[in-house]
Amino acid sequence: RRLMSLELTCRFTVAMTLSPECDYRETMTRLAGHLPDLPWARRWHVPTARVFTSWRRRLGWQVMEELFWQAAGSITGLATPPGQAALWCGLELCAIDGFQIDLPDTAASREEFGSSGTSDGTGPFPQARAVLVTARAGRAVLGAAMDACSAGEQTLIARLVAGHPGLFAGRVFVVDRNFLGHELATAILDAGGHLVMRVRQGISLPAVPGGWLSDGPGCRT
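The rules we used
- Residues numbered from 1 in each chain as written.
- Predicted model: local features only at pLDDT ≥ 70, side-chain atom pairs only at ≥ 80, totals over all residues.
- Heavy atoms only, no water.
- Helix = DSSP H or I, 4+ residues; strand = E, 2+ residues; numbered from the N terminus.
- Contact = heavy atoms within 4.5 Å.
- Areas by Shrake-Rupley, 256 points an atom, 1.4 Å probe, with all protein chains shown as cover.
- Buried < 20%, exposed > 50% of the residue type's maximum accessible area, 1.4 Å probe, protein only.
- Arc of directions from axis to C-beta.
- Phe/Tyr/Trp six-rings, centres within 6.5 Å; stacked < 30°, edge-to-face > 60°.
- Lys NZ or Arg CZ within 6 Å of the ring centre and 35° of its normal.
- Axes fitted to C-alpha atoms, helices over the stretch in contact; angles between N-to-C directions.
- Parallel < 35°, antiparallel > 145°, perpendicular 65-115°, else oblique.
- Nonpolar A, V, L, I, M, F, W, Y, C, P; charged D, E, K, R; others polar.

Undergrad: Please set out the overall build of the protein chain residue by residue, giving values where relevant.
TA: Within the protein chain, the regular secondary structure consists of 7 helices and 6 strands. Along the protein chain, from the amino end to the carboxyl end, the secondary structure elements read α-α-α-α-β-β-α-β-β-α-β-α-β. In the protein chain, once contacts between residues fewer than 6 apart in sequence are set aside, the share between residues at least 24 apart is 55%. As displayed, the protein chain has an accessible area near 14300 Å², and 56% of this comes from carbon and sulfur atoms.

Now the structure itself:
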């Protein structure tokens, strides 16, 4: 009566991200389409939310992470078709930024992810921190790293550079001042990427020999 499987659960989880306005049952109804109207030997019906939760736990997060990296590698070409890529100085223009997201307030989530805003971990909700690498044209997500809120943005970006150096090659990244750091900047440069970033007040960065670069289309990397 319930045609659930790990494969269907994977498709269901992806469908959830494409239908944020739908709950579990509404998402499956869209995904199943006209299946309930087909002449099955037994009448098919949409499972309950508890069933979906159980199957998502069985699926685990590792499968979805692997699927993400397969999709992230192919989205780039679709999001930046020839002649429409956002380029700066001949390089594909991208961005790096991070955010925090509230999680269900359970003891397990607090132990795994912690919370921010208080010194004793009693914030309103446990939170996870994520850092995204996106393409300027089409806003395609090229890469992502996620961890507990205690993990800093620089730490997450360093993981991406170490684990996916090809993600940075031949691209220029706009980042905010929180990412300034010699080791991280050097790692991105060594991977073949370039950076344009703000600098915190009070940090002295003397100009290299040759002076400041000019603004506009005549700039050089």
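Undergrad: So what's going on with helix α3 (residues 49-59)? Residues and values would help.
TA: An α-helical turn contains 3.6 residues, so a residue and the one three or four places further along point in the same direction. Taken as a whole, α3 has its buried residues at Val 51, Phe 52, Trp 55 and Leu 59. The buried side chains of α3 occupy one side of the element, clustering within an arc of 100 degrees when seen end-on. Exposed positions of α3 whose direction lies more than 90 degrees from the buried face are Arg 50 and Arg 57. Positive phi shows up at Gly 60, right after α3, with a value of about 80 degrees.

Undergrad: I'd like a rundown of the packing of aromatic side chains, residues and numbers included.
TA: Considering all chains together, one arrives at 5 aromatic pairs under this definition. Their ring planes at 80 degrees and their centres at 5.5 Å tell us that Phe 12 and Tyr 24 sit as a pair that is edge-to-face. Taken together, the positions of Phe 12 in helix α1 (residues 6-18) and Tyr 24 in helix α2 (residues 24-32) put the pair 12 residues apart, joining distant regions of the chain. What makes Tyr 24 partly exposed here is its relative accessible area of 21%. Relative to Trp 69, the ring of Phe 68 lies with its centre 5.2 Å away and its plane at 75 degrees, an arrangement referred to as edge-to-face. Using a relative accessible area of 27% as the deciding quantity, one classes Phe 68 as partly exposed. The residue whose ring lies beneath Arg 58 is Trp 55, and the NZ or CZ to ring-centre distance is 4.1 Å.

Undergrad: Provide a residue-level description of the packing of α1 against α3, including the pertinent values.
TA: Running from N to C, α1 and α3 point in directions that differ by 105 degrees, and their axes come no closer than 9 Å. Taken together, α1 and α3 sit at an angle that is classed as roughly perpendicular. Side by side, α1 and α3 meet where Leu 6, Thr 9, Cys 10, Phe 12, Thr 13 and Met 16 of the first sit next to Phe 52, Trp 55, Arg 56, Arg 58 and Leu 59 of the second. Of the residues contributing to the contact of α1 with α3, the split by class is 7 nonpolar, 2 polar and 2 charged.

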